[in-house]
Amino acid sequence: MGKEEVDNTVEKEQSSFLQRIVEKDLEEGVYSREICTRFPPEPNGYLHIGSAYAINISYNIAKKYGGKFNLRFDDTNPLKEDKEYVDAIIEDMKWAGFDPGDRIYYGSDYFQKFYDYAVQLIEKGKAYVCDLSAEEIRQYRGTLTETGKNSPYRDRSVKENLDLFKGMKAGDFKTGEKVLRAKIDMKSPNINLRDPIIFRILHEDHYRQGDQWCIYPMYDYAHPLQDAIEGVTHSLCSIEFKDHRPLYNWTLEELELIEPPKQREFGRMNLTGVVTSKRYLRELVAEGLVDGWDDPRLPTLRGMRRRGYTPESIKHFLGEIGISKDESTVDVSMLEHSVREDLRDRAPTMMAVLNPLKVVIENYPEEENELLEVQNHPKDLTMGTREITFSREIYIEKEDFMEYPEKGFKRFAPSHEVRLRGAYFIQLTEIIKNETGEITELRCTYDRETKSGSGFTGRKPKATLHWVDAKNCENAEARLYDKLIEEEELLKDKTLSWEEKINTESLKILKNIKIEKALGEAKKEEKFQFIRQGFYTVDNKHTTEEKLIFNRIVPLKDSWKKGKK
RNA sequence: UGGGGUAUAGCCAAGUUGGUAAGGCAGCGGAUUUUGAUUCCGUCAUUCGUAGGUUCAAGUCCUGCUACCCCAGCCA
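Summarised in this report is the structure supplied together with it.

**Some details on the pattern of salt bridges**
- Per the stated rule, a full pass over the model turns up 49 salt bridges.
- For Arg208, the salt bridge identified is with Asp109, shortest N-O distance 3.0 Å. Of the two residues, Arg208 is situated in the loop between β6 (197-201) and β7 (215-217) and Asp109 in the loop between β3 (104-106) and α4 (111-123); the sequence distance between them amounts to 99 residues.
- The class of Arg208 is partly exposed, set by a relative accessible area of 36%.

Okay, here's the thing in structure tokens:
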């Protein structure tokens, strides 16, 4: 495919409410340091389109205001995280065009600081060690409509708390035996403020810190500190963290951190026809219902990459949908539009026949074999030309012929003369069928005068068909993808099995498509337009020397088929 | 009367101090076309969840109501 592209993605000028917040802070000189945003994934899974949405927001703000962008692994829970995921996340971000450069950080690297800050809180009388069991803590917390009540350990002395907390760190207690809690307000209508736990005991090895620690900080306490430590100014996250903001601020205020970062929230983005929740994604993969995390039907970055979506089209899509505080469910057709738009200009147009039907041109000499020059792209002449061969036997698309054409059908039929793209007009002479009545071959004649490029204008063909020379083509496999999920609502239905929720038509494999010779050389991830069919890319996972596999990225728009339905 | 958030077309979404509803996707019509693609041209909200109110003027301000989303992990 084309030249190695620089990142020339046109970022749409989107005046979001987040930009306004940053601009106001800039005007008022709220921060003496430069703007800094961050993307803080927990390394417990693969990045998906929702992650890309979040990354794009923070990445663009930093870029737009000449600030910095940090990739920070929020790895404070040793039970869930793994190096495998950090590597994958970095790789996927780079692929998507969000390169964090050397600004890659790990929340777990700040464990000592979190500990020291906790000691400060204890000394201020703002945190205490609590011996209540998990179950008791839940009961004391109250419910959505009932306030909580104070823990009997709430009023321990500073000294006792300090000793106990040191003991927690030293490993004197078992997992779950004690926790450190922030002393805020058990009667707060905001449940997050009812003396939230900020450190818990976990005798587990951390993928990065090993067995150094047996106490681990909780998200609500660690996150604001991570941001502050790194000099983040604008900590942008999704809307469900809105209720956590008071705690975020509480932590920074109690610790008297200067020019504290501010958390601001944006609405979540969902896509139709696709599974975006990490939990469901994990289930699909675990149950083997899809071909791994990079299954082309999945909205993981790896899946989208394998499907053939380009980073440029993903970024363009992200720019198009905008940002708001409202939860959105964007129609996939928007994403598909971005891909078509990108590939339309960059992908060479080649010929491939998905469901081959042999056509014998009776008046074409048996041994003859001519070379035809065709353009690699209908509009971009700089993409050059190539030669394809034409001979007595070719393949056309089965569905391009109808013995009894329905109304409106303007492809090949007994009564229609059609043009073979880049070659000649052909006319039907005979239909050959097998015992079951299925058409197995067409016999035709061609008109030498109608050769493409000859300037022939005598007759207008009904249509132009794509084809492949039967004597000089290759076989390949095509995989056609469709929505994995038909109805969003089905996902939530617990009475249904995954098999019942998944669109059984979401993957169709065509084992024996015919591709023009040049396509046989296609490399993994290379992208093409199969004329009149759609955009395709070479599968980067299962393609081998012996077996070429093309993934359909997205079909071409088709006003004919649509009209029929 | 737990708390918080959000309501602008089928979908996404501008609309910032009140001045007469951007844009994109999808759709629909038509022109061009050696891809039923692309491109082009046209069309697509008398109305902003809803009911009132203030005003010369309201998507923007006020009041009530409704719908949907999030929160009761020692997850993030």
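**So, the pairing of strand β24 (residues 507-516)**
- As paired strands, strand β13 (residues 352-353) and β24 are joined by two bridges and run antiparallel to one another. Bridge assignment links Val353 to a residue of β24, and that residue is Lys514.
- For strand β23 (residues 473-481) and β24, the ladder comprises eight bridges, and the chain directions are antiparallel. The residue bridging Arg479 from the neighbouring strand is Ile509, located in β24.

**Regarding the environment of Leu298**
- Relative to the assigned elements, Leu298 resides in the loop between α9 (278-286) and α10 (301-307).
- Once the C-alpha coordinates of Leu298 and Leu484 are considered, the two residues, 186 residues apart in sequence, prove to be 7.8 Å apart.
- Setting aside chain neighbours within four positions, we find Leu298 in contact with Leu281, Leu284, Val285, Val290, Gly292, Trp293, Gly303, Met304 and Leu484.

**A short note on the packing of aromatic side chains**
- If you walk through the whole model with that rule in mind, you get 27 aromatic pairs.
- Seen in terms of ring centroids, Phe199 and Tyr221 are 5.7 Å apart; in terms of plane orientation they differ by 55°. Their pairing is tilted. Of this pair, Phe199 sits in strand β6 while Tyr221 sits in helix α7 (residues 219-230); the two residues are 22 residues apart in sequence, bridging distant segments of the chain. For the pair Phe199 and Tyr221, one class covers both residues: buried.
- Three or more aromatic residues joined by ring pairs form one cluster here, namely Tyr110, Phe111, Phe114, Tyr115, Phe165, Phe199, Trp213, Tyr216 and Tyr221.
- For the cation-ring pair, Arg208 lies above Tyr106, with the distance from its terminal atom to the ring centre recorded as 3.4 Å.

**Concerning the sheet that holds strand β1 (residues 36-39)**
- With respect to topology, three strands assemble into an open sheet ordered β1-β2-β3, the strand pairing being parallel. Looking at which strands have only one partner, the edges of the open sheet turn out to be β1 and β3. Along the sheet, successive strands turn relative to each other by an average axial angle of 35°, direction set aside.
- One ladder, built from four bridges, connects β1 with strand β2 (residues 68-73); its direction is parallel. Bridge pairing links Thr37 to Phe69 in β2.
- In the packing of α7 onto the sheet, contacts are made with β1, β2 and β3, and the angle to β2 comes to roughly 140°.

**What to know about the nonpolar core**
- Core analysis: the largest hydrophobic core is formed by 48 residues, its most contacted members being Met93, Phe266 and Leu271.
- Here the element with the most residues in this core is helix α2 (residues 49-64); it accounts for nine residues.
- Grouped together as the second largest cluster of nonpolar side chains are 35 residues, Phe114, Ala118, Ile122 and Leu252 included.

**Some thoughts on the environment of Leu480**
- Of note, Leu480 is situated in strand β23.
- The sequence separation of Leu480 and Pro246 amounts to 234 residues, and the corresponding C-alpha distance is 48 Å.

**A look at helix α1 (residues 17-27)**
- Taken residue by residue, α1 has Phe17, Leu18, Gln19, Val22 and Asp25 as its buried positions.
- Contacts from the buried residues of α1 go to α2, β8 (234-238) and β9 (262-266).
- Phi for Gly29, located one or two positions after α1, is positive at around 60°.

**A few points about the sheet that holds strand β25 (residues 527-530)**
- Taking strand neighbours across the sheet as the criterion, the seven strands line up as β12-β25-β26-β27-β23-β24-β13 in an open arrangement whose pairing is mixed. Looking at strand neighbours, the two that pair on one side only are β12 (349-350) and β13, the edges of this open sheet.
- Pairing geometry for β12 and β25, over two bridges, is parallel. Looking at the pairing, Thr349 lines up with Gln529 of β25.
- With respect to the sheet, helix α12 (residues 332-346) is in contact with β25, β26 (534-538) and β27 (549-555), its orientation differing from that of β27 by roughly 115°.

**Quick word on a negative patch on the surface**
- On the surface, a cluster of negative charge is made up of Asp482, Glu486, Glu487, Glu488, Glu489 and Glu505.
- Here Glu505 falls in the partly exposed class, since its relative accessible area comes to 45%.

**Side note on α7**
- Taking 1.5 Å of rise per residue, the twelve residues of α7 would be expected to cover 16 Å, and the 16 Å separating its terminal C-alpha atoms lies within 8% of that figure.
- Where burial is concerned, most of α7 is hidden: nine out of the twelve residues are buried.
- All buried positions along α7 are accounted for by Asp220, Tyr221, Ala222, His223, Pro224, Leu225, Gln226, Asp227 and Glu230.

Each value, and the rule that gives it
Residues numbered from 1 in each chain as written. Chains lettered and ligands numbered in written order. Predicted model: local features only at pLDDT ≥ 70, side-chain atom pairs only at ≥ 80, totals over all residues. Heavy atoms only, no water. Salt bridge = Lys/Arg side-chain N within 4 Å of Asp/Glu carboxyl O. Helix = DSSP H or I, 4+ residues; strand = E, 2+ residues; numbered from the N terminus. Buried < 20%, exposed > 50% of the residue type's maximum accessible area, 1.4 Å probe, protein only. Pairing = 2+ DSSP bridges. Contact = heavy atoms within 4.5 Å. Phe/Tyr/Trp six-rings, centres within 6.5 Å; stacked < 30°, edge-to-face > 60°. Lys NZ or Arg CZ within 6 Å of the ring centre and 35° of its normal. Axes fitted to C-alpha atoms, helices over the stretch in contact; angles between N-to-C directions. Core = buried A, V, L, I, M, F, W, Y, C linked by side-chain atoms within 4.5 Å. Patch = residues over 30% accessible without salt bridge, like charges linked within 9 Å, V, L, I, M, F, W, Y side chains within 5 Å. Areas by Shrake-Rupley, 256 points an atom, 1.4 Å probe, with all protein chains shown as cover. Lys, Arg positive; Asp, Glu negative; His and termini not counted. Charge placed at Lys NZ, Arg CZ, Asp CG, Glu CD. Expected span 1.5 Å × (residues − 1).

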